[in-house]
Amino acid sequence: MKELVEEVISAESLDAGKKIYEFADLIFPICRSISGDGVRETLKLISEKIKNDTERDLKIFEVPSGSSVFDWTVPKEWKIRDAYIENENHEKIIDFKNNNLHVLGYSTPVDEWVDLEELKTHIYTEPSQPDAIPYVTSYYKERFGFCMSENMKNGLKPGKYHMYIDSELFDGSLSYAELKIKGKSEEEVFLSTYTCHPSMANNECSGPALMTELIKFVSDMAKSEKGLRYSYRFIFIPETIGSITYLSRNLPEMKKNVIAGFNLSCVGDDRAYSIVHSRYANTFSDKVLMNVLKFMGEYKSYSFLKRGSDERQYNAPGVDLPVVTFCRSKYCEYPEYHTSLDTMDLVSERGFAGAYEVMTQCIKAIEANYKYKMNVLCEPQLGKRGLYPSISRKGTYDAVKSLTDFIAYSDGSNDLFDISKIIEVPVKELIPIADKLFENDLISRV
């Protein structure tokens, strides 16, 4: 990795970061899972925000339990109303209403008094983080359980305890949402995030919150005089089963149209940026995101062997979509991940602003990207076109070096990202250079 550069975040992105943080905070308390009312409540809030910001309608789909989706089956829907453990004095040791991580995800109902030894067989902790409540689920095998800190479990005294979970599994549906914004081309840029975890800020709330603001950004571009070159597809899904379900319904169209795709996960903290590459790290999406991150500051690059989110499904053999995952701290790699330590204090307005800056730069660069070829032989006369200083002296050439370097590699074989990599200038700085040369009829878009 090259020597780190100082991160520069625009005023527009800083303003967006504040809005993203506020929306993440709004959806943080909701108890979500891969199905159920928590997902619907979250999608309803997302839909309302998109409608207010863009006057566009988010389409929400319900897929019945038992539906076959490739090799999987849509599971039963889960509803939870209450859960707690109380001691013999009817003092609640843990309470789902205080922290929704206290219940094993998809727990079946229970209403039993047991001794401490039996109780501990139904308790999950994270011994390496004794003060944290872990996030644990059992989607595809029916069981019940509770989660608490290791220190709390070790502090339980012998006696009788009441285990109570008011929940049910039933034939319902899986919910997901989609928004498409039409551009001049049928070719698409695809963005995906998930809405299936309970109250964890970076791992859950950050992706949907960032996505809603990106929808506003793209919608505003669509309304501009220039309009959109490409179409955009945004989806909010439960992780894994949601992406599998979505692909089972949309894969042929996506294989035909998607030219680049980004899965958004854990994008709210202010640590290093991360990319999880596509299977062979050779798609247009890899090229785009790596280029932007290279000029943003500190970043980490993970191979597909370190996969763990929906990039698994989008890159599966036979699916083969050009999708990478963008994170700040990558899932599984930061200590607060999948625990009660992943609170709104972990994410920040500036952290969100940086993620917004990265993704909007990616979108702008994709929209502006072409291969370029010079229209004149030898070095063009830039001075007569007002593109070169009229006085030549020491240092004059340095002022236009990016422009002349751009010209040097505009041979019809390089796009913006290729040229950026060669001359080590960010694409965002090359876009106005390309526009000037194009306006002066010095280059053609190949």
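Residues numbered from 1 in each chain as written. Predicted model: local features only at pLDDT ≥ 70, side-chain atom pairs only at ≥ 80, totals over all residues. Heavy atoms only, no water.

A word on helix 12 (residues 416–423)
Move 1: All buried positions along helix 12 are accounted for by Leu416, Phe417, Ile419, Ser420 and Ile423. Looking straight down helix 12, one finds that the buried residues subtend no more than 160 degrees of arc, so they occupy a single side.
Move 2: Those residues of helix 12 that are buried are in contact with helix 7 (284–294), helix 9 (349–368), strand 17 (371–374), helix 11 (401–408), strand 18 (411–415) and helix 13 (427–439).
Move 3: Near the N-terminus of helix 12, the side chain that reaches the backbone nitrogen of Phe417, with its oxygen 3.1 Å away, is that of Asp415.
Move 4: A positive phi of about 60 degrees marks Glu424, the residue just after helix 12. (Buried < 20%, exposed > 50% of the residue type's maximum accessible area, 1.4 Å probe, protein only. Helix = DSSP H or I, 4+ residues; strand = E, 2+ residues; numbered from the N terminus. Arc of directions from axis to C-beta. Contact = heavy atoms within 4.5 Å. Polar contact = N/O pair within 3.5 Å; in protein donor to acceptor, adjacent residues only side chain to side chain.)

Quick word on the pattern of salt bridges
Move 1: Inspection of the entire model under this criterion finds 29 salt bridges.
Move 2: Of the charged contacts, one joins Asp15 and Lys19 as a salt bridge, the two residues approaching to 3.4 Å between their closest N and O atoms. Separated by four residues within a single helix, Asp15 and Lys19 lie in helix 1 (residues 11–27), roughly one turn from each other.
Move 3: Classification of Asp15 by relative accessible area gives partly exposed; the value is 41%.
Move 4: Of the residues examined, Lys19 reaches a relative accessible area of 36% and is grouped as partly exposed.
Move 5: Here Asp37 ties to Lys79 by a salt bridge, and the two come within 2.7 Å at their closest N and O atoms. Taken together, the residues Asp37 in helix 2 (residues 37–54) and Lys79 in strand 4 (residues 77–86) connect sequence positions 42 residues apart.
Move 6: On the basis of relative accessibility, which here comes to 41%, the residue Asp37 falls in the partly exposed class.
Move 7: Here the residues in one salt-bridge network are Asp37, Arg40, Glu62, Glu77 and Lys79, joined through shared partners. (Salt bridge = Lys/Arg side-chain N within 4 Å of Asp/Glu carboxyl O.)

So, the sheet that holds strand 18
Move 1: Strand order in the open sheet formed by three strands is 18-17-19, and the pairing between neighbours is antiparallel. With partners counted over all chains shown, the strands left at the sheet margins are strand 18 and strand 19 (443–445), one partner each. Across the sheet, the axes of successive neighbouring strands diverge by a mean angle of 30 degrees, strand direction being ignored.
Move 2: Across three bridges, strand 17 lies against strand 19 in antiparallel orientation. (Pairing = 2+ DSSP bridges. Axes fitted to C-alpha atoms, helices over the stretch in contact; angles between N-to-C directions.)

A word on the sheet that holds strand 14 (residues 273–276)
Move 1: Taken together, the eight strands give an open sheet; going across it, the order is 1-10-12-11-13-16-14-15, and neighbouring strands pair in mixed fashion. The outermost strands of the open sheet, each flanked by one partner alone, are strand 1 (59–64) and strand 15 (299–302). Across this sheet, the average inter-strand angle for adjacent strands is 20 degrees, counted without regard to direction.
Move 2: The pairing of strand 13 (residues 258–264) with strand 16 (residues 323–327) spans four bridges and is classified as parallel. Paired with Asn263 across the bridge in strand 16 is Thr325.
Move 3: Helix 7 contacts strand 13, strand 14, strand 15 and strand 16 of the sheet and is inclined by roughly 55 degrees relative to strand 13.

Quick look at unusual backbone geometry
Move 1: Phi angles above zero are rare outside glycine, and Tyr106 is one such case at about 75 degrees.
Move 2: Mapped onto the fold, Tyr106 is located in the loop between strand 5 (92–95) and strand 6 (110–115).
Move 3: Judged by relative accessible area, which is 2%, Tyr106 ranks as buried.
Move 4: In this structure, Asp441 is a non-glycine residue whose phi angle is positive, near 60 degrees.
Move 5: Counting through the fold element by element, Asp441 comes out in the loop between helix 13 and strand 19.
Move 6: Overall, the relative accessible area of 55% leaves Asp441 in the exposed class.

As for the confidence of the model for the protein
Low-pLDDT portions of the prediction should not be read for the details of their coordinates.
Move 1: Model confidence for the protein is summarised by a mean pLDDT of 95, while 96% of its residues fall at 70 or above.
Move 2: Segment residues 1–5: pLDDT under 50, and nine contacts once partners within four positions in sequence are set aside and those in other chains are kept. (pLDDT = per-residue confidence, 0-100.)

Details of the packing of helix 9 against helix 13
Move 1: Two elements in contact, helix 9 and helix 13, have axes separated by 10 Å at closest approach and are oriented at 30 degrees. Regarding the angle of helix 9 to helix 13, the classification is roughly parallel. Considering how the two elements wind past one another, helix 9 and helix 13 form a crossing that is left-handed. Seen from helix 9, the contacting residues are Glu357, Gln361, Lys364, Ala365 and Ala368; seen from helix 13, they are Val427, Lys428 and Ile431. (Parallel < 35°, antiparallel > 145°, perpendicular 65-115°, else oblique. Left-handed = near helix turned anticlockwise from the far one by under 90°.)

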